[in-house]
Amino acid sequence: MMPSQELILGLSLEELKLKFLKNGFTSLDAKRVFPWIHMKLAKSFDVMSDVPKCVRETLPDFFSIVRPECKTKQKSLDGTQKVLLEFSDGECVETVFIPDEKRNTICISTQIGCIIGCKFCHTGTQKFSRNLTSSEIMSQMFFWKDIQNESNGSSITNIVFMGMGEPLLNSKNLFNALNLLLDEKIHNFSRNKITVSTSGIVNGSIEKLAKFGVKLAISLHASSDEKRAFLMPINKKYNISNVLNAARKYLYFSNVDYVTFEYLLLSGVNDSDNDAIELAYLLKNFGIQCKVNLILFNDWFGTEFRASSKGHTFLRILLSKGIRTIIRKSRGDDIFAACGQLKSERQ
Ligand code: SF4
């Protein structure tokens, strides 16, 4: 992509019209180009047969619809695939495809690096570089859609914003992407097939996300502020009570049935019987409709943490206290594609 070319994979039709008008094209040109990008998954302007030839030939001087370059690709024994994608400025992100019996999920990144610095997370050790644009966010979905189409594979059914970065610190671009993904005339994903995961950014973004009605997953990982702040420094700014209140508001405004709380089990840190009892008490006391996802820690080089062996005991305690709980199956850990393992920094 030439430096003057702007990636337009994540623009709404209105934004596209404005960009086109600014560069000497017409609204009608934008109206014709838009479905080629989103519904027909065109990878070049040449194929857009109802766009006048002179327009097709000039568009590449200003705009680009090329996918980011795939620098590396890895496939796990369980079928999970992870790729490293490079954008035009040389920055890279990882994105993951997770096939299952009934669904194909893609995990999308929203930032290069992450500023939140959760102690247990490999991504958090990568210096934050920048937010992804809405086009760069969408380009990850286009990348996987192309692969599925080329291999006649089954289509993508679910999207989780759980890749690199904190989605709600890039909320404007996240929301632009969600608008395109949820629009029934464009990508037509169902609200309950999209999950946004957050470390608990309670600056109004959770409330704004509620209007999309997508599933919300909040990283809790501890039942006391002291322990959570040790694992997630963000807790010093937004503590457990702030986060639970935001979750309650989310339920009220979004009409979703429940919020998911992610709880990563770390040996000797937050996995005792007492931790489970306290967590159940906290959630019961708050009276919030929720589900707890217990996550088994995926090791990475240099971490001080170890995976817990007490998952089933922890699960039993929460269930016995009436808290809906599952142990989330880890996918792609042999290729470092599992939860908290993504990192794009060249090492
Ligand atoms: S868990 Fe999420 S928010 Fe925390 S450091 Fe990792 S990528 Fe950032």
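Since we're looking at a predicted model, the values are computed, not measured.

Conventions we followed
Residues numbered from 1 in each chain as written. Predicted model: local features only at pLDDT ≥ 70, side-chain atom pairs only at ≥ 80, totals over all residues. Heavy atoms only, no water. Helix = DSSP H or I, 4+ residues; strand = E, 2+ residues; numbered from the N terminus. Buried < 20%, exposed > 50% of the residue type's maximum accessible area, 1.4 Å probe, protein only. Contact = heavy atoms within 4.5 Å. Areas by Shrake-Rupley, 256 points an atom, 1.4 Å probe, with all protein chains shown as cover. Lys, Arg positive; Asp, Glu negative; His and termini not counted. Charge placed at Lys NZ, Arg CZ, Asp CG, Glu CD. Near = heavy atom within 4 Å. Nonpolar A, V, L, I, M, F, W, Y, C, P; charged D, E, K, R; others polar. Pairing = 2+ DSSP bridges. Axes fitted to C-alpha atoms, helices over the stretch in contact; angles between N-to-C directions. Domains from an automatic or database assignment. Buried area = accessible area lost by both parts, 1.4 Å probe. Salt bridge = Lys/Arg side-chain N within 4 Å of Asp/Glu carboxyl O. Phe/Tyr/Trp six-rings, centres within 6.5 Å; stacked < 30°, edge-to-face > 60°. Lys NZ or Arg CZ within 6 Å of the ring centre and 35° of its normal.

### Brief notes about the overall build of the protein
Point 1. Across its full length, the protein carries 10 helices and 14 strands.
Point 2. By its C-alpha atoms, the protein is 70 × 40 × 35 Å across when sized along the principal axes.
Point 3. Buried positions account for 55% of the 347 residues belonging to the protein.
Point 4. Long-range pairs, those at least 24 residues apart, make up 65% of the contacts in the protein with a sequence separation of at least 6.
Point 5. Surface accessibility of the protein: about 15800 Å² in total, with carbon and sulfur atoms responsible for 51%.
Point 6. For the protein, the separation between the mean place of its 45 positive charges and that of its 36 negative charges on side chains is 4 Å.

### Points about the site of the ligand
Point 1. In the vicinity of the ligand, the contacting residues are Cys114, Ile116, Gly117, Cys118, Cys121, Thr123, Gly124 and Gly165.
Point 2. Among the residues making up the shell around the ligand, the classes are represented as 4 nonpolar, 4 polar and no charged.

### Some remarks on the sheet that holds strand β14 (residues 325-328)
Point 1. Spatially, 10 strands are ordered β3-β4-β5-β6-β9-β10-β11-β12-β13-β14 in an open sheet, and the strand pairing comes out mixed. The strands lining the two open edges of the sheet, one partner per strand, are β3 (69-75) and β14. Going across the sheet, the axis of each strand differs from the next one's by a mean of 20°, ignoring polarity.
Point 2. Note that strand β13 (residues 290-296) and β14 share 4 bridges and pair parallel. Within β14, the position partnered with Val292 by the bridge is Thr325.
Point 3. Where helix α4 (residues 134-150) meets the sheet, it contacts β3, β4 (81-86), β5 (92-99), β6 (104-107) and β9 (158-161), and its direction lies at approximately 45° from that of β5.
Point 4. In the packing of helix α8 (residues 240-254) onto the sheet, the strands contacted are β11 (215-219) and β12 (259-265), and the crossing angle to β12 comes to about 145°.

### A closer look at the domain arrangement of the protein
Point 1. Once the domains are mapped, the protein shows domain 1 (6-64) and domain 2 (69-335).
Point 2. Using C-alpha coordinates to define each centre, domain 1 is positioned 33 Å away from domain 2.
Point 3. At the junction of the two partners, domain 1 supplies 13 residues and domain 2 supplies 15 residues.
Point 4. Where domain 1 abuts domain 2, roughly 1100 Å² becomes buried across the two surfaces, and 63% of that area is made up of carbon and sulfur atoms.
Point 5. Seen at the junction of domain 1 and domain 2, the total is 1 salt bridge.

### As for the packing of aromatic side chains
Point 1. One pass over the structure, following the stated rule, counts 12 aromatic pairs.
Point 2. Ring geometry for Phe143 against Trp144: centres 5.2 Å apart, planes inclined by 80°, an arrangement best described as edge-to-face.
Point 3. Of the residues examined, Phe143 reaches a relative accessible area of 9% and is grouped as buried.
Point 4. Aromatic side chains Phe297 and Phe305 sit 6.4 Å apart centroid to centroid with 80° between the ring planes, which places their arrangement in the edge-to-face category. You'll find Phe297 and Phe305 in the same group, each marked buried.
Point 5. A network of ring pairs unites the aromatic residues Phe20, Phe25, Phe62 and Phe63 as a single cluster.
Point 6. The side chain of Lys40 reaches across the aromatic face of Trp36, ending 3.9 Å from its centre.

### Quick look at the pattern of salt bridges
Point 1. Using the criterion set out here, one finds 16 salt bridges in the structure.
Point 2. Here Arg331 and Asp78 are joined by a salt bridge, their closest N and O atoms 3.1 Å apart. Taken as a pair, Arg331 in the segment after β14 and Asp78 in the loop between β3 and β4 lie far apart in primary sequence, 253 residues in all.
Point 3. Overall, Arg331 belongs to the buried group, its relative accessible area being 14%.
Point 4. Through salt bridges with shared partners, one network takes in Glu69, Lys71 and Glu86.

### Some details on the environment of Leu11
Point 1. Its place among the elements puts Leu11 in the loop between β1 (6-7) and α1 (13-22).
Point 2. Judged by its relative accessible area of 8%, Leu11 is buried.
Point 3. Leave out the neighbours within four places in its chain, and Leu11 touches Leu16, Lys19, Phe34, His38, Ser135 and Leu180.

### Section: the side chain of Asn158
Point 1. Summarising the element assignment, Asn158 is placed in strand β9.
Point 2. Given the relative accessible area of 10%, Asn158 is considered buried.
Point 3. Here Asn158 is in contact with Arg103, Asn104, Thr105, Ile106 and Lys193, once residues within four sequence places are set aside.

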